Every structure is written in structure tokens, then in C-alpha cells.
Amino acid sequence: MKLRYRFANQAVGVFILLAIAAAVALLVLMGSNQRWFRRNYEYYALIDDARDVSVGMAVTFRGFTIGRVTSISLTAANNVDVRFTIQEEYIEQVRQRSIIQIVSSPLGGGQIVLHQGRAPTPPLPEASRIPTYDSKEALQWRTANEVIVLRAADPIAQIVAQVEPILLNLDIVMANVVELTDEINLALLGQSAGPVAGILTGLESTVAEVERAVARVSVVIDSAAAQADLVLEDLNSITSNLEATTAQLRDPTGLVPRLLDPSGSIATLLDDDNVLFDQITGTVAALDLTIAGLSQTLDELSRFTAYLNTAQPQIATLLEEGRAALNTGQDVLLGLRNNPLLRGGIPPVREQPSTFQGIRDGEF
Amino acid sequence: MRVVEQIGSRAIDRVARALYAIGFVVEILRQTGRFVTNRRATAKVLTMQILFTGVDALNVIATISLGIGAVIVIQGLSILPQFGQGQLIYNILIVVITRELGPILTALIVAARSGTAIASDLGNMVVSHEIEAYTATGINPIRHLVVPRFIGVTVSTFVLNLYFNIFGLAGSFLVTQFVNPISFAEYSSGLLGTIALVDIVSSCVKSVVFGAIISFVATFHGLAIERSSTEIPVAVIKSVGHSVTLLILANAVLTLVYYL
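Quick summary incoming for the structure in this document. (Residues numbered from 1 in each chain as written. Chains lettered and ligands numbered in written order. Predicted model: local features only at pLDDT ≥ 70, side-chain atom pairs only at ≥ 80, totals over all residues. Heavy atoms only, no water.)

## A look at the interface of chain A and chain B
Counting residues at the interface gives 27 residues for chain A and 26 residues for chain B. Here chain A is connected to chain B by four residue pairs in polar contact (both at pLDDT 80 or more). Going through the elements one at a time, helix H1 (3-6) and helix H2 (8-33) of chain A are the ones with two or more residues in the side of chain A that touches chain B. A total of 16 residues in the side of chain A that touches chain B trace back to one element, the largest contributor, which is H2 of chain A. In terms of residue class, the side of chain A that touches chain B is built from 18 nonpolar, six polar and three charged. (Contact = heavy atoms within 4.5 Å. Polar contact = N/O pair within 3.5 Å; in protein donor to acceptor, adjacent residues only side chain to side chain. Helix = DSSP H or I, 4+ residues; strand = E, 2+ residues; numbered from the N terminus. Nonpolar A, V, L, I, M, F, W, Y, C, P; charged D, E, K, R; others polar.)

## So, the sheet that holds strand E3 (residues 64-74) of chain A
All names here are of chain A. Read from one edge of the open sheet, six strands run E1-E4-E3-E2-E6-E5, paired in mixed fashion. One side of each edge strand has no neighbouring strand; the edge strands of this open sheet are strand E1 (40-47) and strand E5 (99-103). Across the sheet, the axes of successive neighbouring strands diverge by a mean angle of 30 degrees, strand direction being ignored. As paired elements, strand E2 (residues 58-61) and strand E6 (residues 111-115) share three bridges and run parallel to each other. Following the sheet pairing, Ala58 is matched in E6 by Gln111. (Pairing = 2+ DSSP bridges. Axes fitted to C-alpha atoms, helices over the stretch in contact; angles between N-to-C directions.)

## Here's the deal with helix H8 (residues 197-223) of chain B
In this model, H8 of chain B (27 residues) spans 39 Å end to end at C-alpha, consistent with the 39 Å of a helix rising 1.5 Å per residue. Most of H8 of chain B sits inside the fold, with 20 of its 27 residues counted as buried. (Expected span 1.5 Å × (residues − 1). Buried < 20%, exposed > 50% of the residue type's maximum accessible area, 1.4 Å probe, protein only.)

## Re the pairing of E5 of chain A
Residue and element names in this part refer to chain A. Of all five residues that make up E5, four are buried, and the element is covered over most of its length. Sheet analysis places E5 next to E6, joined by five bridges and oriented antiparallel. The residue bridging Val103 from the neighbouring strand is Gln111, located in E6.

Fair warning: the whole summary comes from geometry, so function is off the table for now.
This is the structure:
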């Protein structure tokens, strides 16, 4: 009998036992490695979109896998509820003010990165919500430097993480530009109630008021000129009268004796039924009217200047927003132009050696 | 009218054969239950079946699984790290070796080696009237000839699948040492952290089902020979062809069940 047939039972026994032992060892190692008998702490996060997460996705901290996503569900408020566990030995890393970041790769294999709170605190209680990287609270904490944010390790994820906000900003800028254009169009058509329309309407009414004020000023100036002519005529007549009076005062037989005469000019002047007094009063009234017109014009100008001062910040803000939008657009275009994934890389430049050689460069 | 008659006749014949096959399988399962309680008479047949099907096929299985593990690692490590996805090599190893190729390749090797042997062996016994002799002496040929082969092939396929996994995953580690040397602790940690219990269960279920299919088909075709030795090669060819077809269909169904 052949040896293998004589020891067939032993060979089969070893064959089966070794396989079973290997299978048991594998199961034990799996249980140990996958922590079947260790405790996990569950937390959750609310995100907007479930496309970048999946059940079983790793939760990492400084490159170490510290947990797994266990479930994803849609809440009544249309948020995506992502439940994940943190392993017992890493629970101390989940400090207060910790946040999570979902890092997805276009080639698959995304992960949730835990960014630890900066201040050493006791761990977050189990079943707490951990804010996501882009949430308002996380933004505040990051701005206040209360979170330790590390750079993503995956270069593609980094590029995607950089491109995505740029595209988002570009979308926002384009939307703002379109909105601004529409607003300006509507404002120019007089169909808008926005700030630009208010400014333009204010400018239009201001121009109309300025025109009216200018018209009023010209009317006042014309009136004042007419009054001034009358006053000058009166002054001329007064001057000529004074000259005649002076001449007569010089004459010893002239004015003085006649003035002193009971039927002379002074008596006549004092008894002229207020003709001269009325003339003086009329001149003064015309001057008052002229001054009042000038004062009204100056008030109008003052109001117009004040209105321009109040409208100045709005105009300045509008110009600043436009300039910022153009700068962002320029940055995006530069980024797209420099992105080798989109443009096929930087073309190699072949250097053309110069055929000209100076006498000094020549070798002897 | 004659064509319709022929079609009807063939359909009835097919249904009858299918019903006969189902009855054959049920009878094997019924006799297997009895074999477990009283196996003294045929224990040696079972041992020899495992020896021929399992132990003797171990070198073939080990060589193939080592080679496949090596190829997966070489291909994976040359492509995946370029995209920063080197960790995916463990997922690929588990999907390919444990979940898919392990059970199906093992089953194909067993079908090619042992399925043909069983079909021709039983066919020869029919031709040489040994089956009639068993029946004449009151021995149930299903219990004494078919059941040990059924259990032996099923157990052997299951165990060979375990060895395929062991050698496949170990072989990939050995090749990793040449391509991208890493410590065994790191490799085993990555592998054990990725493999899931459901992967192992799926692999084991597949290997048991495949082993049963191979033994059912081989014994069925072996005992289907009627009188001539020239029928034996035909039965062997049919055994292999039907086994491969059923194995691939069963693999598709079980994989579908896994993902449901």
C-alpha cells in the first residue's frame, strides 16, 4: 500500500485542521483589528448633500482612522444626518469646538477629517453634533483660531477643495454681476426699487431741483439787476441833486438865503407829502427782496451738497464691489489658466541658442 | 404537425429529466442525513474522496492563488498610488481573491479534476454492473457511493477555498516585499481592517454551494450511463460542461444576493 493511502486519514485530518485553524485565527485577528469587542462613541453631523459620504467611510484624525460612518439619513428638515462612531482610544481627541470636514476625491475613497478644538477640554458628550467645516459655527471658530485645521493630504482632494470654492465664488460673482446688470437696467428704465434705482432717482430729482434753483437764481439775478438799475438811477439823480445843492450852497445869494426863507426849499422838502421818503423806502425794499432771493438760492445749494454727501458711500460701495468682482474674476481666470488639469499643462519651451557671439566670448 | 409533436416530446423529456434530477438531489440530501448518523461503512470512501479532491489539489490551488495575488499586487501598486489611492489595494485583494476568484476558481479546478473523475468512476461501475451488485446485495448505491463523494467534494471545495485565500493573500504580501516593502504588521492591519465578516461568509457559502453543484452534476451524469463504456467520455464531457455553466450561474446569483 502506498504511503499516502496508509496515512490518508492523517493527511486529510491535517488538511482540514490547518484550514480551520487558519480560519479561526483570521476571525480572531479580524475581531481584534476591527474592534468587535471594543466600545465606539457615536456622534452626528448635519450636511446639505449626501453625495460625498457613504456608510463605512473612514473618519480620520491626523491621517489615522479613528472611526467610521455608520448611517446616513434624510431628516424632516431636509438635512442629511450623518452618524459616525469614534473609537474609544481616540475619544479624548474629540474636544469641544472640534469640527469635521468631508474630503471627497473624484476617484473615490473620500473620508471625514476631524479637526480638533485648540483648547484642551474634556471630550464631547456622546451623541453630540459636530459642526461641519463650512457651517457658520465652524467658520466663527476657525476665524477665532479655536480649531486646529490641518492641510488635506490627498493632492487631488486639495485641488478639488481649492477649485470648488473658486468656482463657487465665481458663481456668486457672476450671479451678482447679472443681478447688478439687471438692477441697473431696471433702474435706468425706472422700474426698480433697489438702492441703485434710489440713487439714480435721487440724482434725477436733484438735477431737476438744480435746474429749478438755477432758474430761480437767474430770475432773482434779473430782478436784482433791474432793482440795481433803479437804485443807480436814483443815486445818479441824488448825486446830481447834491452837485446842484453844493453849487447853490457856494453861492452867497443862492440856496442858503432861499433855505432860510420861509418859502424856501427846506421847507418845501419837509413839506413834500413824503415823496422822497417813499422813494428811499422803495429802494430799501427792493434790496431786501434781492438779498432774500440770494439767501434762498444758497439754501438750495446747501441742500444739494448735503444730499451728495449722503449718497457718496453708496456710490463708493458700488464701485468697490465692482472692483472686487473684477479682481476675483481675474484670479479665477488666472487659476484656470495655470491649472494643468484643465489646460494640459505648461507647454515646454525650447530654448533657441543665439547664433550671434561677441568677440569677447570667443575662445582662443 | 410532426414538428409540434417532436417539440412536445422533447419538452416532456426535459421536464422529466429535470424532475428526475431534483429527485436525485433530494435523495442525496436525505441519504446524507443518514450518513452522518451511521458512517462507519463508508467513512473510508469519504476520506479517500477528500484526499483525492482536496489534498491532491492543494499544490495546484496554492500555485494559482499565489500567482493571482502577486499579479493583483503588482498591477495595483503600479496604478493606484499615482492617484493617492494605494489603500484600495486591500479592497481589490479582498474582492478578487476572497469574494470572487477564490470560490469560482477553486470550484472550476475541482470540477475539472474531481468532477470528471467521479463521473467516469461511477460510469465504469455502472458498465461493470457493480451498481447492480450493490443493489442486489441490499446496499443503497446512493448512500454508499454518491453521498461520500458529495460530502467529500463539498468539504474539499470549502477547505480548498480557505487555502486559496490564505495563499492568495500571503502571496500578495510576499510580492509586496519586492515591489513596495512594508512590514507584515502594516500589511495585516490594512488587510484585516478592510476585510468584513460578510466577505468571509459570502466566500464560504459560495464554496459550499459550488462543491455541492459539482458533486451533484458529476454523480448524476456518472450514474446516467446505461450500458456501454463509450458513454463514459460523453458523460464526463457533459458533467464538466453542465458543472461550469451551473457554477457561473450560481456565482452570479450569489453575488447578486450579496449586494441586495
